[in-house]
Amino acid sequence: MSTIKIQSPGLFTTVQDLGRPGFGPMGLSPSGAADSIAFRLGNRLVDNDDGAAALEMTLIGGTFSFPEGSIVALAGSDFGASLDDHPVAPWISLKINPSQTLRLGPTRSGARCYLCIQGGIKVNSFLGSASTHILSGLGGFEGRALRKGDVLSIGPATATFRERRISSQRLQHLSARKVLRVTSGPQSDWFPESSHEAFYKNTYRVTEDSNRMGLRLEGAAIPPHSRGQMITEGVSLGAIQVPDGGEPIILFVEQQTTGGYPKIANVISADLPSIGQLRPRDEIRFEQVDVKTARALFKEQEEILASEDLIEE
């Protein structure tokens, strides 16, 4: 079996797949790739199933060697990658010969880059998933971020090498957004009209105190609601909570599964991958849509992912 050796892990690199949904009642959020669109596209470039485990890098990429060689693709943000000092572009499949070294640096665009490898990363499955859940120390490679010297197994090759790339036209329609579309949250009627006006008209900045559990935002405070304290209840991926200080929090892939703050809105499914590409100090806005529109946008996104001209050879 082929392997990948971690010469340098970068800032924060973990093994992820598409997550383990359905375990919220047990107190375990789904985890999985923060940008599921980039993750799926990267896997398709190397002839993997969409959910094959890969490496997710955050803000600063790592350095990796492949003793037996491999077929890989980089997807997501541009981390200025090079193979033996030769520049490597994202969104294209790449053949790596034995003992070549792939290096990635700081991001040039969004927050995360995926290293997808033909055959997928092979780790022990936990509740049906290879994803690392950092908060609980479960899944992935020993339940933690990767370290220098780690050696991971790669599954057997599934096809011979073909240079494949994502259509630039299709990629444009799938690119990350800075205007996040949302539907009304379960407690949206707790907030006065002035709160909704502030929420939708103002720009918010992602703070340094953000991670896979949630993104804290700073900007115009949402005026306090007047309904008193709410009973803790289950929360969904992409829910936007408003704590007492009035600055919103977007709950993300390693969120707590219950919460006691009112939720003014929820990011729609089609825009959840965009959250995964937000960096500290990025500025975003919110746009309200109805549930019918949210479903149509998700359907449109999936149709693009299923289009025959998505991948060029």
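You'll find the structure just up there.
Since the model is a prediction, treat every value here as computed from it, not as a measurement.

Calculation rules
Residues numbered from 1 in each chain as written. Predicted model: local features only at pLDDT ≥ 70, side-chain atom pairs only at ≥ 80, totals over all residues. Heavy atoms only, no water. Helix = DSSP H or I, 4+ residues; strand = E, 2+ residues; numbered from the N terminus. Rg over C-alpha atoms; globule rule 2.2 N^0.38 Å. Areas by Shrake-Rupley, 256 points an atom, 1.4 Å probe, with all protein chains shown as cover. Lys, Arg positive; Asp, Glu negative; His and termini not counted. Charge placed at Lys NZ, Arg CZ, Asp CG, Glu CD. Salt bridge = Lys/Arg side-chain N within 4 Å of Asp/Glu carboxyl O. Buried < 20%, exposed > 50% of the residue type's maximum accessible area, 1.4 Å probe, protein only. Axes fitted to C-alpha atoms, helices over the stretch in contact; angles between N-to-C directions. Parallel < 35°, antiparallel > 145°, perpendicular 65-115°, else oblique. Left-handed = near helix turned anticlockwise from the far one by under 90°. Contact = heavy atoms within 4.5 Å. Nonpolar A, V, L, I, M, F, W, Y, C, P; charged D, E, K, R; others polar. Phe/Tyr/Trp six-rings, centres within 6.5 Å; stacked < 30°, edge-to-face > 60°. 1 Å grid on protein atoms, 1.4 Å probe; cavity = no way out; pocket = protein on both sides within 12 Å on 5 of 7 lines; lining within 4 Å. Points joined across faces, edges and corners; volume = space filled by probe spheres on them. Disulfide = S-S within 2.5 Å.

A. Inspection of the overall build of the protein at higher detail. In terms of helices and strands, the protein carries 5 helices and 23 strands. A globule of 313 residues ought to have a C-alpha radius of gyration of about 20 Å, and the protein, at 20 Å, matches this closely. Expressed as lengths along the three principal axes of its C-alpha atoms, the size of the protein is roughly 65 × 40 × 30 Å. Accessible surface, the protein: about 13900 Å² in total, of which carbon and sulfur atoms supply 49%. For the protein, the distance from the average site of its 31 positive side-chain charges to the average site of its 35 negative ones is 2 Å.

B. Broad picture of the pattern of salt bridges. Here the structure, examined in full by the defined rule, presents 23 salt bridges. A salt bridge links Arg40 to Asp50; the nearest nitrogen and oxygen atoms lie 3.1 Å apart. With a gap of 10 residues between them, Arg40 in helix α1 (residues 36-45) and Asp50 in the loop between α1 and β3 (54-58) connect regions that are remote in the sequence. Look at Arg40 and you get buried, because its relative accessible area is 14%. A salt bridge links Asp47 to Arg164, with the shortest nitrogen-to-oxygen separation between them at 3.1 Å.

C. Expanded view of the packing of α1 against helix α5 (residues 291-305). Between α1 and α5, the least distance of the axes is 12 Å, while the angle of their chain directions is 15 degrees. Judged by the angle between their axes, α1 and α5 are roughly parallel. In the packing of α1 onto α5, the handedness of the crossing is right-handed. The residues of α5 that touch α1, namely those facing Ile37, Arg40, Leu41 and Arg44, are Gln301, Glu302 and Leu305. Residues that form the contact of α1 with α5 fall into these classes: 3 nonpolar, 1 polar and 3 charged.

D. Spatial organisation of the packing of aromatic side chains. For the structure on display, the rule yields 5 aromatic pairs. Geometrically, the ring pair formed by Phe199 and Tyr200 is edge-to-face, given 4.9 Å between the ring centres and 80 degrees between the ring planes. The same class applies to Phe199 as to Tyr200, namely buried. Here the aromatic residues Phe199, Tyr200, Tyr204 and Phe286 are joined through ring pairs into a cluster of three or more.

E. Representation of the layout of surface pockets within the structure. By volume, the largest pocket amounts to about 640 Å³. Contributing to the lining of the largest pocket are 30 residues, with Leu171, Gln172, Leu174, Ser175 and Ala176 lying nearest its centre. For the lining of the largest pocket, the elements supplying multiple residues, two or more each, are α1, α2 (168-174), α4 (272-275) and α5. Here the second largest pocket defines a volume of roughly 450 Å³. Looking at the lining of the second largest pocket, the elements with two or more residues in it are α1, α4 and α5. Grouping the constituent residues of the lining of the second largest pocket by class yields 12 nonpolar, 6 polar and 2 charged.

F. Here's a closer look at unusual backbone geometry. With phi around 70 degrees, Leu59 is a residue other than glycine that occupies positive phi space. Tracing the chain through its elements places Leu59 in the loop between β3 and β4 (63-65). By relative accessible area, which is 23% here, Leu59 ends up partly exposed. In this structure, Asp85 is a non-glycine residue whose phi angle is positive, near 70 degrees. By secondary structure assignment, the location of Asp85 is in the loop between β6 (82-83) and β7 (86-87).

G. Quick peek at the state of the cysteines. Inspection of the entire model under this criterion finds 0 disulfides. The cysteine Cys113 is free of any disulfide, with Cys116 supplying the nearest cysteine sulfur at 8.6 Å. Relative accessible area serves as the criterion here: at 0%, Cys116 is assigned to the buried category.

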